[in-house]
Amino acid sequence: MRPRHGHRHHHRSLTPLFLAFGLLLTLLAASPALAAGYRYWSFWEGAEGQWQYATQGPSTARPADGSALGFRFAVSQDAAAEAAKPRAAADFAAVCASTPAVEGRKRIAVVVDFGVPADAPAGDAPPQDTPRTACAQVAPDATAAEALAQAAKPLRYNSAALLCAVSGYPKQGCGEPIADAEDKQGPKPSAKPEPKPSAQSESEGGGPSTGLLAGLAAVAALAAAAVWQSRRRR
């Protein structure tokens, strides 16, 4: 028995939908896995005793006399709401109480939190368990990076001015992305670090590529058109 014309049109209209669905699966399979977080030094500024994620890098920020700066090494998201904060208070008075003021110099409270062993790269470990505090006394126009260098050198930066190491920790790596699998199984060494943005860098953040998003949008439009055409012919 020959099928009715209506059935033939119905099958034809569904063909683009099946093709669109197949293309969607192909794009998703080909896209790289998104990083669950980054292993990096985050930069914080004290405000009324609380830590706030810095809006610029330490090499450009010029804190005022009496400021508190925090640096924390951890595996966390590169976002103010999700990044790990220093585990010591943003308390200038407590850190610089024993450092007298000097004319022509400014005092900056510096808190350096090396994080926990679980966040350390493979084969490395935090230099100390508790945060380190120091009162840096620097020139009036000194940057946050200069205050940090006085309190916890040596420092290491990459070519994009991303802060990679404080007091030589970690020995290798610089802001590399950490995948979900690594978060669950423990940190693994990165043969080729790929620095991502943080308060210390001005490069773009991780996430789906523009090409992938455009491809998904095109697939969604094609699928919607196929469904509309199918209903119209019915």
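In what follows, the structure referred to is the one given above.
Every value quoted in this text rests on a predicted model; they were computed, and no experiment measured them.

Asks: So what about the side chain of Asp119? Which residues, and what values?
Replies: Counting through the fold element by element, Asp119 comes out in the loop between strand S4 (106–113) and strand S5 (132–138). Polar contacts involving the side chain of Asp119 include one to the main-chain amide nitrogen of Val75, which spans 3.4 Å. Dropping the residues within four chain positions of it, Asp119 is found in contact with Arg39, Phe73, Ala74 and Val75.

Asks: Please provide a residue-by-residue account of the pairing of strand S1 (residues 37–47), values included.
Replies: For S1, the tally of buried residues reaches 8 of 11 residues, placing the bulk of the element in the interior. Bridge count for S1 against strand S8 (residues 177–178) is 2 bridges, and the pairing is antiparallel. Bridged to Tyr38 within S8 is Pro177. Pairing of S1 with strand S3 (residues 67–76) involves 8 bridges; the strand directions are antiparallel. Paired with Phe43 across the two strands is Phe71, which belongs to S3. In the sheet, S1 pairs with strand S2 (residues 50–53) via 4 bridges, with the strands oriented antiparallel. Residue pairing for S2: Trp44 is matched across the bridge by Tyr53. The loop that links S1 with its antiparallel partner S2 comprises 2 residues; one of these, Glu48, has a positive phi angle of about 55°.

Asks: Could you give me a rundown of unusual backbone geometry, with the residues and numbers involved?
Replies: Of the consecutive residues Lys153 and Pro154, the connecting peptide bond is found in the cis state with omega at 5°. In the segment running from Tyr169 into Pro170, the intervening peptide bond is cis, with an omega of -5°. Take Pro170: it is sitting in the loop between strand S7 (163–166) and S8. One non-glycine residue, Ala161, lies in positive phi territory at about 65°. Structurally, Ala161 can be placed in the loop between strand S6 (155–157) and S7.

Asks: Talk me through the pattern of salt bridges; I want residue IDs and the actual numbers.
Replies: Note that side chains of opposite charge can pair when their charged atoms are close. According to the stated counting rule, one finds 3 salt bridges in the structure shown. The closest approach of N and O atoms between Glu176 and Arg39, which form a salt bridge, is 3.4 Å. Separated by 137 residues along the polypeptide, Glu176 in the loop between S7 and S8 and Arg39 in strand S1 bring together distant segments of the chain. A residue is classified by how much of its surface remains accessible, and Arg39, at 2% relative accessible area, is buried. Note that Arg72 is salt-bridged to Asp113, the shortest N-O span being 3.8 Å. Highlighted residues: Arg72 in strand S3 and Asp113 in strand S4, separated in sequence by 41 residues. Summarising the burial analysis for this pair, Arg72 and Asp113 share the class buried. Residues participating in the shared-partner salt-bridge network are Arg72, Arg87 and Asp113.

Rules behind the numbers
Residues numbered from 1 in each chain as written. Predicted model: local features only at pLDDT ≥ 70, side-chain atom pairs only at ≥ 80, totals over all residues. Heavy atoms only, no water. Helix = DSSP H or I, 4+ residues; strand = E, 2+ residues; numbered from the N terminus. Polar contact = N/O pair within 3.5 Å; in protein donor to acceptor, adjacent residues only side chain to side chain. Contact = heavy atoms within 4.5 Å. Buried < 20%, exposed > 50% of the residue type's maximum accessible area, 1.4 Å probe, protein only. Pairing = 2+ DSSP bridges. Salt bridge = Lys/Arg side-chain N within 4 Å of Asp/Glu carboxyl O.

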